[in-house]
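# Examining the three-dimensional arrangement
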Amino acid sequence: MSGRPQRVAILFDTAGFVRTLPLTGAAARTLFLNKHLARQGVDVRLFLCDLNAESQPSTAWPFATSYLDYSAFYSDPQKLVPELKDFAPDVLVMANSQLTGEYGRGLADSVGAALVYEMHDDEGSLLRSIHRPEDECREAAFAQSRAIAAADGVVALTDEDAQVARAMTRMPVHVVPCGVEPGPQPLPASSRTLAFVGNLYYEPNRRAVEYLRSDPFAGRLRATGAAVEVYGRYPAELRGQDHQEADFVRLRGPVPHLRDAVASSIVGLAPLDSGGGMKLKVLEYIGAGVAVVGTTIAASGFEWFERFGLIAMDDLSDFPDRVEQLLTDDALRHRLGAEGRLLAETWYSWDRMATLARRAYLDIRDAAALTVATPLTLALRAVEPPYWLREWIGRQETGETESLPMLDETDNMDGVSQLAEAVDCARLAAQSRTGVSFPRTGTTGYKGRSVVFFADDAVLKVYTHRGEDRCSRELAGLTYAGDRCPDLNIPAPIASASLQGSLSWIATRRITGGPVATWDRVLAADLGRLAARLHAEAPVGSPFRRNPSSRAARCIHDAVYRSLLDKYHQSKETAECHVGFVHGDFSSRNILMVGGQISGIVDFERSGTGCPYHDLVSVYLHDVLMMNLPWRDFLAAYTAEACVTLSHEHLEHHLAEYFCWILEWAPVVDPQLASSVGALALRFLERGAR
């Protein structure tokens, strides 16, 4: 190993990431510990099997990561050998006790690495604490004992778990707790919210939230004006709550910037009556400078817990008293928060934990080199998945997600139905944020790319496709248009969220109006003046672009597409675009009418800066060609209001671009639309934009 950095390979199977966003404690430890190991010069490579459908290969990892499929870990682990040999690690770290005991020894020997078993908790005791069947508890304890016996050394998270391991092996056992990245100093929170962090698919966390909803806690603390914000994944059945509970215990779902979310609370809660290992939620609380109330189970693995928290009894009988004590004693709460923050920056920093891990790996490697190895003929055979993984796979295979009823039956619903649970999580998050009760039934947008929920005085839009970009554009567009046209009915934003790991959404005030039935000259002129008022010189949001490529459209209108593309490129050199605000989908389908007059405009998700001609050609395609809008009256009103002279050639340039853009994707996504637009494009090529 001399002359090169220490090489550490981590074999990790999970359903706990959305790309690089950790959704579970084990996933968070894997990410942050190895990120800091890499910063200290260790050559780290994560071999990841992530079964979460939303965890797609990502280049955003802070260390080298190889994505492996399920079969490599369970059905055919022989596939792991060439992957690991190519990396040639000094140390192989495995946290799955079953896989470690079954083939970890043979795998490590085949690549010449020391085997480290990372022991997250005492698995038999953990399962007994959550009342799993006794045969399952014995099976887990046996699998863990095999893992400990097979390893060249053990890394435990707490002293208690290290004692369990030392009773089973003479090889080195090290304690490397979990850490935290404190980030900027938090600002004093002015709210009276209490935070709970946890993956609610994990039984101890689920039981904790059930307690927070119960009368002994909610009935007592609701009277103080406090509320509980819950951050983390949660199953469908936990949504079955009455309105009063929803006001007090709010399910926020996973968030990418957990520290910022927690920092807005004044007390961190850990009412755990079961579980094992070290609780990352406690570290998140102290990293955010938040005082903690937890049981002795929650305090396991934390030295000097009393410096940043109050300990309640494990039966939770005095838990409300401890929380109320912190709510009423500002000086105590601030002192505990400051002490916890100091410990997070020093004793519990991930940098310190990485140093401990690096030394532990070196010690285990050295001890393994001195051990006389017994020749092994262990076969790398298929392994039965653990109970949590079998349950997770079963939910995916049987579609055990609560279906979300939809109203629009004209669109392809496959994409939305698969996201039904995530859509409902977003609906509940919006409901908690706004105080508006949105119905469970929604209307899907085009091809299921959004779901819209209508309350009496508010509208919620949840984005299921490119949500972060579309949500930010919509929010910027609504804000700008509302300021630009204060006398026009623009839906005013109430709240929004654009978070990695959960669907983006925006809630707005509901405005009245219905669709346009027919166009006349007066109404066409009104639409022209409205478009001119929206198109201002000041840019807003992201650039709005449609850039046709050079490949031919895959439909019966290939010749039409190529002719359009030629027309676009011929005019491109002389095109002179003006930059201004662009609605992006300006047409009758987004115009509302009341009493024969335009009352408002909606759907700003494609808005941004760009050439205003984009909106003009949208009107031409959707309303002139399809609904017989008087085109000349529209343009005359537009030019008079905007005080501009329109270029007919520039208009046709953008119309060719618009047709090309649609014919790029519609043949695959919507063949019927492609056929219709192809026919309209042919008319345009023959007659021009008259």
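Described in the following lines is the structure provided in the data block.

Parameters at a glance
- Residues numbered from 1 in each chain as written.
- Predicted model: local features only at pLDDT ≥ 70, side-chain atom pairs only at ≥ 80, totals over all residues.
- Heavy atoms only, no water.
- Helix = DSSP H or I, 4+ residues; strand = E, 2+ residues; numbered from the N terminus.
- Buried < 20%, exposed > 50% of the residue type's maximum accessible area, 1.4 Å probe, protein only.
- Contact = heavy atoms within 4.5 Å.
- Areas by Shrake-Rupley, 256 points an atom, 1.4 Å probe, with all protein chains shown as cover.
- Arc of directions from axis to C-beta.
- Pairing = 2+ DSSP bridges.
- Axes fitted to C-alpha atoms, helices over the stretch in contact; angles between N-to-C directions.
- Polar contact = N/O pair within 3.5 Å; in protein donor to acceptor, adjacent residues only side chain to side chain.
- Salt bridge = Lys/Arg side-chain N within 4 Å of Asp/Glu carboxyl O.
- Patch = residues over 30% accessible without salt bridge, like charges linked within 9 Å, V, L, I, M, F, W, Y side chains within 5 Å.
- Parallel < 35°, antiparallel > 145°, perpendicular 65-115°, else oblique.
- Left-handed = near helix turned anticlockwise from the far one by under 90°.
- Nonpolar A, V, L, I, M, F, W, Y, C, P; charged D, E, K, R; others polar.

From N to C terminus, the chain includes 25 helices and 24 strands. Looking at the chain as a whole, 56% of its 690 residues qualify as buried. Contacts in the chain between residues far apart in sequence, at least 24 positions, make up 71% of those at least 6 positions apart. In the form shown here, the chain has an accessible surface area of approximately 29600 Å², with 50% of it arising from carbon and sulfur atoms.

Turning our attention to helix α7 (residues 159–166). Looking at α7, one finds that the buried residues are Asp161, Ala162 and Ala165. Along the axis of α7, the buried residues cluster in a sector spanning 105 degrees; they form a single face. Where the residues of α7 are buried, they touch β7 (114–119), α6 (134–150), β8 (153–156) and β9 (173–175).

To continue, consider the sheet that holds strand β10 (residues 193–197). Ordered in space as β12-β11-β10-β13-β14-β15, the 6 strands form an open sheet in which the pairing is parallel. Both outer strands of the open sheet, β12 (249–253) and β15 (309–312), are each paired with one neighbouring strand and no more. Adjacent strand axes in the sheet meet at a mean angle of 25 degrees when their direction is disregarded. With 4 bridges joining them, strand β13 (residues 267–270) and strand β14 (residues 291–295) adopt parallel strand pairing. Within β14, the position partnered with Val267 by the bridge is Ala291. Across the sheet, helix α13 (residues 319–328) touches β10, β13, β14 and β15, and the angle it forms with β14 is around 170 degrees.

Read across the open sheet, the 7 strands follow the order β5-β4-β1-β6-β7-β8-β9; overall the sheet is parallel. Of all strands in the sheet, those with a lone pairing partner are β5 (64–67) and β9, marking the two edges. Averaged over all pairs of adjacent strands, the angle between their axes in this sheet comes to 20 degrees, without regard to strand direction. Sheet analysis places strand β1 (residues 7–14) next to strand β6 (residues 91–94), joined by 4 bridges and oriented parallel. Considered in β6, the bridge of Leu11 is made with Met94. Of the strands in this sheet, β1, β4 (43–50) and β6 are in contact with helix α3 (residues 80–87), which crosses β4 at around 165 degrees.

Turning next to the environment of Asp603. Take Asp603: it is sitting in the loop between β23 (597–601) and β24 (608–610). Along the chain, Asp603 and Asp585 lie 18 residues apart, while their C-alpha atoms are 7.5 Å from each other. Look past the residues within four positions of Asp603 in its chain and what remains in contact with it is Lys461, Glu474, His583, Asp585 and Asn590. Here the side chain of Asp603 touches Lys461 through a polar contact of 3.0 Å, side chain to side chain.

Let us now look at the environment of Leu332. Position of Leu332 among the secondary structure elements: in helix α14 (residues 330–345). In this structure the C-alpha to C-alpha distance between Leu332 and Ala291, which are 41 residues apart in sequence, comes to 8.8 Å. Leave out the neighbours within four places in its chain, and Leu332 touches Leu310, Gln325 and Leu326.

Here we come to the pattern of salt bridges. For the coordinates displayed, the defined rule picks out 28 salt bridges. Notably, a salt bridge pairs Arg470 with Glu605, separated by 2.6 Å at the nearest N-O pair. One end of the pair, Arg470, is in helix α19 (residues 467–484); the other, Glu605, is in the loop between β23 and β24, and 135 residues separate them in sequence. Owing to a relative accessible area of 13%, Glu605 belongs among the buried residues under this scheme. Each member of the salt-bridge network shares a partner with another, and the members are Lys461, Arg470, Glu474, Asp603 and Glu605.

On to a nonpolar patch on the surface. The grouping of Tyr446, Val668 and Val669 at the surface amounts to a nonpolar patch, some 230 Å² of accessible area in total. Looking at the element boundaries, Val668 is found in helix α24 (residues 648–669).

With that out of the way, let us pick up the pairing of strand β22 (residues 591–594). Sheet topology places β22 next to β23; 4 bridges connect them, and they run antiparallel. Of the residues in β23, the one forming a bridge with Leu592 is Gly600. Linking β22 to β23, which pair antiparallel, is a turn of 2 residues; within it Gly595 sits at a positive phi near 60 degrees.

Below, the discussion takes up the packing of helix α4 (residues 97–111) against α6. For the pair α4 and α6, the least separation of the axes is 7 Å and the interaxial angle reads 40 degrees. Put simply, α4 runs oblique to α6. For the element pair α4 and α6, the recorded crossing hand is left-handed. Along the contact surface, α4 presents Ser97, Gln98, Thr100, Gly101, Glu102 and Arg105, while α6 presents Ala143, Gln144, Arg146, Ala147 and Ala150. Taken together, the residues of the contact of α4 with α6 sort by class into 3 nonpolar, 5 polar and 3 charged.

Let us now look at the side chain of Ser71. Inspection of the secondary structure assignment puts Ser71 in helix α2 (residues 70–73). The contact partners of Ser71, leaving out residues within four places of it in the chain, are Asp76, Pro77 and Lys79.

Remark: helix α22 (residues 613–627) packs on α24, axes separated minimally by 9 Å, with the N-to-C direction vectors making an angle of 70 degrees. The pairing of α22 with α24 is recorded here as roughly perpendicular in orientation. Crossing angle aside, the handedness with which α22 passes α24 is right-handed. Residue-level inspection shows Tyr613, His614, Leu616, Val617, Ser618, Tyr620, Leu621, His622 and Leu625 of α22 in contact with α24, the latter providing His650, Leu651, His654, Leu655, Glu657, Tyr658, Phe659 and Ile662. Broken down by class, the residue content of the contact of α22 with α24 amounts to 11 nonpolar, 5 polar and 1 charged.

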